[in-house]
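Observations on the three-dimensional arrangement
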Amino acid sequence: MSLIPKKGTVYVVDDDEAVRDSLQWLLEGKDYRVKCFDSAESFLSRYDPREVACLITDVRMDGMSGLDLQDKLLERKSPLPAVFITGHGDVPMAVNTMKKGAMDFIEKPFKEEELLALVERMLEQARVEFSQHQEAASREALLSRLTTREAQVLERIVAGRLNKQIADDLGISIKTVEAHRANIMEKLNANTVADLLKIALGASAQAKA
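Residues numbered from 1 in each chain as written. Predicted model: local features only at pLDDT ≥ 70, side-chain atom pairs only at ≥ 80, totals over all residues. Heavy atoms only, no water.

Quick look at the layout of surface pockets
Here is the rule: Using a 1 Å grid laid over the protein atoms alone, points where a 1.4 Å probe fits but cannot get out form a cavity; open sets with protein on both sides within 12 Å along at least 5 of 7 lines form a pocket; any residue with an atom within 4 Å of a point counts as lining. Grid points are joined across faces, edges and corners, and a volume is the space filled by probe spheres set on the points. Runs of E in the DSSP output that reach at least two residues are strands. Runs of H or I that reach at least four are helices, and both are numbered from the N terminus. For this scheme, ten residues count as nonpolar: Ala, Val, Leu, Ile, Met, Phe, Trp, Tyr, Cys and Pro. Four count as charged, namely Asp, Glu, Lys and Arg, and the remainder, Gly too, count as polar.
In this structure, the largest pocket spans a volume of roughly 470 Å³. Forming the boundary of the largest pocket are 21 residues, of which Pro 49, Pro 79, Glu 129, Phe 130 and His 133 lie nearest the centre. For the lining of the largest pocket, the element with the highest residue contribution is helix α5 (residues 112-143), accounting for eight residues. Per-class residue counts for the lining of the largest pocket are ten nonpolar, five polar and six charged. Counted as a void, the second largest pocket has a volume near 200 Å³. Around the second largest pocket sit 15 residues that line it, and Gln 70, Leu 74, Ser 78, Leu 80 and Gly 101 are the ones nearest its centre. Listed by contribution, the elements that provide at least two residues to the lining of the second largest pocket are α3 (66-75) and β4 (82-86). With three residues, α3 is the single largest residue contributor to the lining of the second largest pocket. Its residues placed into classes, the lining of the second largest pocket shows ten nonpolar, four polar and one charged.

Some words on helix α1 (residues 17-28)
In an α-helix, one turn spans 3.6 residues, which is why side chains three or four residues apart end up on the same side. Spelled out, the test is: A helix is expected to span 1.5 Å multiplied by its residue count minus one. The buried label applies to any residue whose accessible area, calculated with a 1.4 Å probe on protein chains only, is under 20% of its type's maximum; exposed applies above 50%, and partly exposed to all values in between. Here, the arc refers to the directions that run from the helix axis to the C-beta atoms. The contact rule is simple, with two residues in contact once any of their heavy atoms fall within 4.5 Å. Residues adjacent in sequence count toward polar contacts only when both atoms are side-chain atoms; beyond that, a polar contact is any pair of N or O atoms within 3.5 Å, and within protein one must be able to donate a hydrogen and the other to accept it.
Under the 1.5 Å per step criterion, the end-to-end length of α1 is 16 Å for twelve residues, consistent within 8% with the ideal 16 Å. Val 19, Arg 20, Leu 23, Leu 26 and Leu 27 are the residues of α1 that are buried. Viewed end-on, α1 has its buried residues packed into an arc of 135°, placing them on one side of the element. In α1, the exposed positions angled more than 90 degrees off the buried face are occupied by Glu 17, Ala 18 and Trp 25. Against β1 (9-13), β2 (33-37), β3 (53-58), β4 and α5 lie the buried residues of α1. Its side-chain oxygen at 2.9 Å from the backbone nitrogen of Ala 18, Asp 16 defines the N-terminal cap of α1.

Side note on the nonpolar core
To be explicit about the condition: Put simply, a nonpolar core is a bunch of buried Ala, Val, Leu, Ile, Met, Phe, Trp, Tyr and Cys residues held in one set by side-chain atoms that sit within 4.5 Å of each other.
Formed by 20 residues in total, the largest nonpolar core has its most connected members in Val 10, Leu 27, Tyr 32, Ile 56 and Val 119. Looking at this core, the elements that each hand over two or more residues are β1, α1, β3, β4 and α5. No other element matches α5, which puts six residues into this core. Not counting the four nearest positions on each side in its chain, Leu 27 is found in contact with Val 10, Val 12, Tyr 32, Val 34, Ile 56, Leu 116 and Val 119.

Here we look at the UniProt feature "modified residue: 4-aspartylphosphate" (unreviewed entry) in the protein chain
To keep things clear, this is the line we draw: UniProt positions are given in the numbering used here, feature names are shortened, and annotations may be inferred rather than shown by experiment.
Under the present numbering, the feature "modified residue: 4-aspartylphosphate" (unreviewed entry) in UniProt falls on Asp 58. Mapped onto the elements of the fold, Asp 58 is located in strand β3. When neighbours within four sequence positions are excluded, Asp 58 is seen to be in contact with Val 13, Asp 14, Gly 66, Phe 84, Ile 85 and Lys 108.

Quick look at unusual backbone geometry
Cis geometry marks the peptide bond from Lys 108 to Pro 109; its omega dihedral reads -10°. Here Pro 109 is to be found in the loop between β5 (104-107) and α5. Backbone geometry places Lys 77, a non-glycine residue, at a positive phi of 60°. Its location among the elements puts Lys 77 in the loop between α3 and β4.

Things to note about α3
Among the residues making up α3, those that are buried are Gly 66, Leu 67, Leu 69, Gln 70 and Leu 73. Along the axis of α3, the buried residues cluster in a sector spanning 160°; they form a single face. In the stretch just after α3, Lys 77 is the one whose phi turns positive, near 60°.

Regarding the packing of helix α7 (residues 163-170) against helix α8 (residues 174-187)
Put simply, the rule reads: Structural elements are reduced to axes, namely lines fitted to C-alpha atoms, with helices fitted over the stretch in contact, and the angle between N-to-C directions of any two is expressed from 0 to 180 degrees. Put simply, angles under 35 degrees are roughly parallel, angles over 145 are roughly antiparallel, angles from 65 to 115 are roughly perpendicular, and the rest are oblique.
Across the interface, α7 lies against α8 with an axial gap of 8 Å and an inter-helix angle of 105°. The angle between the axes of α7 and α8 places the two elements in the roughly perpendicular class. Every residue of α8 that contacts α7 at Asn 163, Lys 164, Ile 166 and Ala 167 is listed here: Ile 174, Val 177, Glu 178 and Arg 181.

Examining the packing of helix α6 (residues 148-158) against α7
To characterise two packed helices, one gives the angle between the axes of the helices and the distance between these axes. Rules: For a crossing to be left-handed, the near helix must be turned anticlockwise from the far one by less than a right angle; the clockwise case is right-handed.
Across the interface, α6 lies against α7 with an axial gap of 10 Å and an inter-helix angle of 135°. With respect to each other, α6 and α7 are oriented oblique. As for the relative orientation of α6 and α7, their crossing is right-handed in sense. Where α6 abuts α7, its residues Arg 149, Gln 152, Val 153, Arg 156 and Ile 157 lie against Ile 166, Asp 169 and Leu 170. Of the residues contributing to the contact of α6 with α7, the split by class is four nonpolar, one polar and three charged.

As structure tokens, then:
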């Protein structure tokens, strides 16, 4: 059982201690797990991509800015949903963060209800992406059990080739193809060809994404 609360983790990155404290008080009061950081650098050194989480960060900070932080997360291909806190004059900058994939931005002083709604939207997105990541990892772990020859046979099964055609393609007997096919089904915990296709095609779709 996961030790992380069902609602997930909210990372708060802001160099203003008063803002960090108020956000932590607000979010912990709603049963979120909150981790606060006074700089983007300290956050990046502690960020755990395996958590169901989201990010609330100021656009302007001493040292690395919120925009720079977003760029670093994009470089890491991090799926972390983010919302940016901005001052009145920073709206054009905040719009730029959305063009790069931020979920939203919120102006100071912000309404608690508005921020809480954004946090829930971000965590819902994070849960979906985390689930997809877990499924992909599970598929990859199953497929890694196959030998090179079994992987070649599976590729042809997915392509709709018959056993005789697979045998001709690979220069092996039909009986050998049937043996490989049985091994593949067992290793991938597949009861039907449909199960087999879901595992193989799911992994293929993830690779293209």
